[in-house]
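Below, each chain spelled out in residue letters.
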Amino acid sequence: MTSDHPINTTGSRQRQTRFAALQKWVSRAFARDLSCLIVPGQDVALAHGLNVSATGMRVSASPRDANVLLIVGGLSEKMGEVATVLYAQMPRPRTILMLGGKTPSSFPDADVSAGLSQKALADAVGRLKRALAEGAFATSAEDFDASVLHVKIEYVCPMHPEVVQNEPGSCPKCGMDLVAREAGEQTPEGGHDHEHHHDHEHQSQDHDHDHDHDHDHDHSNEHSNEHSNEHQQEHAHENAATEYTCPMHPEIVRDEPGSCPKCGMDLVVREDGEDEAHSEHEHSSHDHGEHDHSGHEHGGHDHGGHDHGGHDHGASGFMSMIEVTKDLPRSADGLQMDWLEVPFGPVFPGLPGGLKLTLTLDGDGVTEGQATSLVGVTNEGENIEESEEMDAETFIGYLSAAIPLAPVSYRLLVCLAIEQAAGLEGDSANAGARTGALERERIASHLGWLAQLGRQLGFAWLTQRAATLQLQVREANRDSLAALEPALRTLGTRLERTPLLKSRLKGIGLLPTESSDLRGPVARAADEGGDAWARLRQRLAEISASLGLIKSGGEPALPVLRDVGDVSGTGEATVDTPRGEARLSLKLERGHVKSYKLDTACSQHIGLVPKLVEGQELGDALLAVGSLDLSPWEVTS
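Attention here is on the structure that accompanies the text. (Residues numbered from 1 in each chain as written. Predicted model: local features only at pLDDT ≥ 70, side-chain atom pairs only at ≥ 80, totals over all residues. Heavy atoms only, no water.)

Regarding the sheet that holds strand 3 (residues 68-72)
Paired through backbone hydrogen bonds, the strands of a sheet run either parallel or antiparallel to each other.
Right, so step 1: Ordered in space as 2-1-3-4-5, the five strands form an open sheet in which the pairing is parallel. The sheet is open, and its two borders are formed by strand 2 (58-59) and strand 5 (112-114), each paired with just one other strand.
Right, so step 2: Sheet topology places strand 1 (residues 35-39) next to strand 2; two bridges connect them, and they run parallel. Residue pairing in the sheet places Ser35 in a bridge with Arg58 of strand 2.
Right, so step 3: Helix-sheet contacts for helix 3 (residues 77-89) involve strand 1, strand 3 and strand 4 (95-99), and the interaxial angle to strand 1 is about 160 degrees. (Pairing = 2+ DSSP bridges. Helix = DSSP H or I, 4+ residues; strand = E, 2+ residues; numbered from the N terminus. Contact = heavy atoms within 4.5 Å. Axes fitted to C-alpha atoms, helices over the stretch in contact; angles between N-to-C directions.)

Digging into the nonpolar core
Right, so step 1: Counting residues in hydrophobic clusters, the biggest one holds 73 residues, and the most contacted among them are Met57, Leu70, Leu97, Ile418 and Leu586.
Right, so step 2: Counting residues per element, this core draws most heavily on helix 10 (residues 407-421), at eight residues.
Right, so step 3: With residues up to four places along the chain from it excluded, the contact list for Leu70 reads Cys36, Leu37, Ile38, Val39, Val52, Met57, Leu97, Leu99 and Leu121.
Right, so step 4: Judged by nonpolar contacts, the second largest core, of 55 residues, contains Leu357, Leu447, Leu453 and Leu623. (Core = buried A, V, L, I, M, F, W, Y, C linked by side-chain atoms within 4.5 Å. Buried < 20%, exposed > 50% of the residue type's maximum accessible area, 1.4 Å probe, protein only.)

Looking at the packing of aromatic side chains
Right, so step 1: In total, this model carries five aromatic pairs according to the counting rule given.
Right, so step 2: When the centroid spacing of 5.4 Å and the interplanar angle of 80 degrees are considered together, the rings of Phe344 and Phe348 count as edge-to-face.
Right, so step 3: Look at Phe344 and you get buried, because its relative accessible area is 10%.
Right, so step 4: When its relative accessible area of 30% is taken as the criterion, Phe348 is described as partly exposed.
Right, so step 5: Each ring, one from Phe395 and one from Tyr398, has its centre 6.1 Å from the other, and the planes form 35 degrees; the classification is tilted. Residue Phe395 and its partner Tyr398 are both found in helix 9 (residues 392-402); the two are separated by three residues, about one turn of the helix.
Right, so step 6: Tyr398 sits in the partly exposed class, given a relative accessible area of 30%.
Right, so step 7: Feature note: the residues Phe395, Tyr398 and Tyr596 constitute an aromatic cluster, connected by ring pairs.
Right, so step 8: We note Arg94 situated over the ring of Tyr87; from NZ or CZ to the ring centre the distance is 4.7 Å. (Phe/Tyr/Trp six-rings, centres within 6.5 Å; stacked < 30°, edge-to-face > 60°. Lys NZ or Arg CZ within 6 Å of the ring centre and 35° of its normal.)

Some thoughts on the side chain of Gln470
Right, so step 1: Here Gln470 lies in helix 12 (residues 460-474).
Right, so step 2: With relative accessibility at 7%, the residue Gln470 sits in the buried group.

Some remarks on the packing of helix 12 against helix 13 (residues 478-496)
For any two helices packed against each other, one specifies the inter-axial angle together with the distance between the axes.
Right, so step 1: Where helix 12 meets helix 13, the closest approach of the two axes is 11 Å, and the angle between their N-to-C directions is 160 degrees. Taken together, the axis directions place helix 12 and helix 13 in an arrangement best described as roughly antiparallel. Here the hand of the crossing between helix 12 and helix 13 comes out left-handed. Judged by residue contacts, Trp461, Leu462, Arg465, Leu469, Gln472 and Val473 of helix 12 engage Leu481, Leu484, Ala487, Leu488, Leu491, Arg494 and Leu495 from helix 13.
Right, so step 2: Residues of the contact of helix 12 with helix 13, tallied by class, amount to 10 nonpolar, one polar and two charged. (Parallel < 35°, antiparallel > 145°, perpendicular 65-115°, else oblique. Left-handed = near helix turned anticlockwise from the far one by under 90°. Nonpolar A, V, L, I, M, F, W, Y, C, P; charged D, E, K, R; others polar.)

Honestly, that's just the spatial picture; any functional story needs more than this.
Here it is as structure tokens:
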């Protein structure tokens with residue numbers, strides 16, 4: 001079939017050409033505006049000498065504002081899972097830039113990979129811009145998926161948290177209906193009450209949704225049930241027969257064994273002499289709840305002034321929130337609020353990368369907290385398998401790389417322990433160079449902590465100045481360090497004379513009087529007040545002291561292991577790292593490390609977190625944790 005009029009394709013081609021030109025322009029705009037999220041964190045990037053801002057990339061604190069996931073060094077399995085979740089939250093087009101490590105198995109291949117140096121980073125960013133400009137609108141892009149992104153649901157008994165099943169059902173111990181939770185959630189000890197509290201929050205949405213629709217029906221049923229129960233109780237008293245009641249719903253009374261119609265729990269024998277006052281009180285509370293809902297805000301879980309004594313929560317089997325919280329401590333402002341468990345980290349501005357801080361909040365107050373490391377070094381107490389043994393040089397490289405925030409300190413620690421195992425005396429010829437390298441790292445580490453403090457407080461000037469000096473100090477020789485001394489002293493003077501900084505840190509993070517095994521700046525500051533302000537001043541004093549030691553010593557040089565041959569023996573060593581004493585004992589067999597035991601300052605200091613945060617306002621609690629200068633990499637596991 002033919003047409004008398006020819007088909008005009010000129011307009012279609014023009015539209016396609018204009019659209020392609022627009023795509024090209026937008027792609028170039030994406031490539032010019034790179035925003036990166038750094039994993040494990042900015043502190044690790046600075047410790048490796050990386051100045052990300054100098055490459056033209058902006059550093060983002062949120063995955064939703066980033067188009068580049070910058071992974072610095074190798075990631076542990078747990079940190080790999082965290083990075084996977086962060087990558088899934090990034091908007092498209094998104095890219096992966098891998099420096100000095102392998103891309104986690106849960107990721108697609110990195111768009112660009114490079115070494116761990118500033119030059120390699122700058123070259124990699126150039127390649128990344130070209131790749132993004134060419135592939136921002138690629139039609140071959142596939143949806144990203146990983147097993148860690150899928151939530152697995154399991155079912156647990158509120159009364160017996162050890163009973164966990166993959167499917168809904170009843171508890172084999174008490175017959176109570178199992179409740180759903182995400183796999184991996186931990187049920188606190190002793191905590192039927194706590195478990196109830198947690199599940200009550202999760203089910204509040206359904207309760208809100210159905211409350212108005214079912215309110216009259218629920219109350220009429222409950223009133224009918226109570227009337228029936230009163231009749232049963234009178235009949236039971238007359239016959240002096242055994243009665244059975246639900247432990248969770250005492251208004252349920254039966255003449256014979258069975259299950260609770262509300263929660264499915266097995267009925268238990270009711271004790272003789274149990275008066276009816278409790279039942280009458282519940283009935284009174286129920287009537288109050290039926291007619292007065294003015295103070296009941298379901299959205300915020302504000303149950304003040306509203307007694308749930310007889311209120312029917314369906315088949316959930318939950319106790320009254322008043323009963324649950326009556327014995328719990330109150331926050332500093334005295335307000336009674338729901339407790340929320342909130343995680344901070346392991347990628348969080350102002351906290352070390354790899355540190356997961358979990359705080360239980362009562363409003364904006366902290367009731368309890370705990371810190372854990374997702375990147376800690378392994379502490380081998382047992383003999384190492386022969387296939388995993390490392391020669392002396394390999395072990396030095398392994399341990400120094402495993403602790404990127406203080407690699408020189410731990411390199412020196414291993415060298416000293418191995419040399420002692422080999423029976424070598426102190427290395428007087430290289431002592432000055434080793435001391436210089438250790439003190440230079442101390443200065444850089446304390447500057448890194450100041451940059452982290454600036455990020456936490458929102459002091460951009462402090463973050464920028466401290467980070468710049470940290471990068472300059474990191475590989476400076478003795479003359480360069482002497483030239484930087486005026487700038488370092490000026491920074492210290494400005495910090496001590498900043499009233500807002502002192503008022504913000506004074507009295508924050510006071511150490512408990514029973515604290516033991518404190519080390520490094522945390523221990524030395526304990527004698528000067530023991531708060532966050534004292535710890536800041538202590539680190540400033542140590543920067544000055546380290547400059548003096550470098551002046552009087554040799555040129556800083558990376559510690560090198562002396563020739564020990566294929567020796568066997570045991571050795572011990574202690575080094576005062578930037579965060580405190582680290583102790584290493586090891587056993588050598590024919591030049592190979594057979595076993596070792598590492599004890600670090602951060603392994604001790606991380607235990608201070610629960611006491612430091614308890615009863616504090618949220619902002620103060622975060623500052624208190626930050627003031628400890630915890631290195632998650634130095635927490636042994």
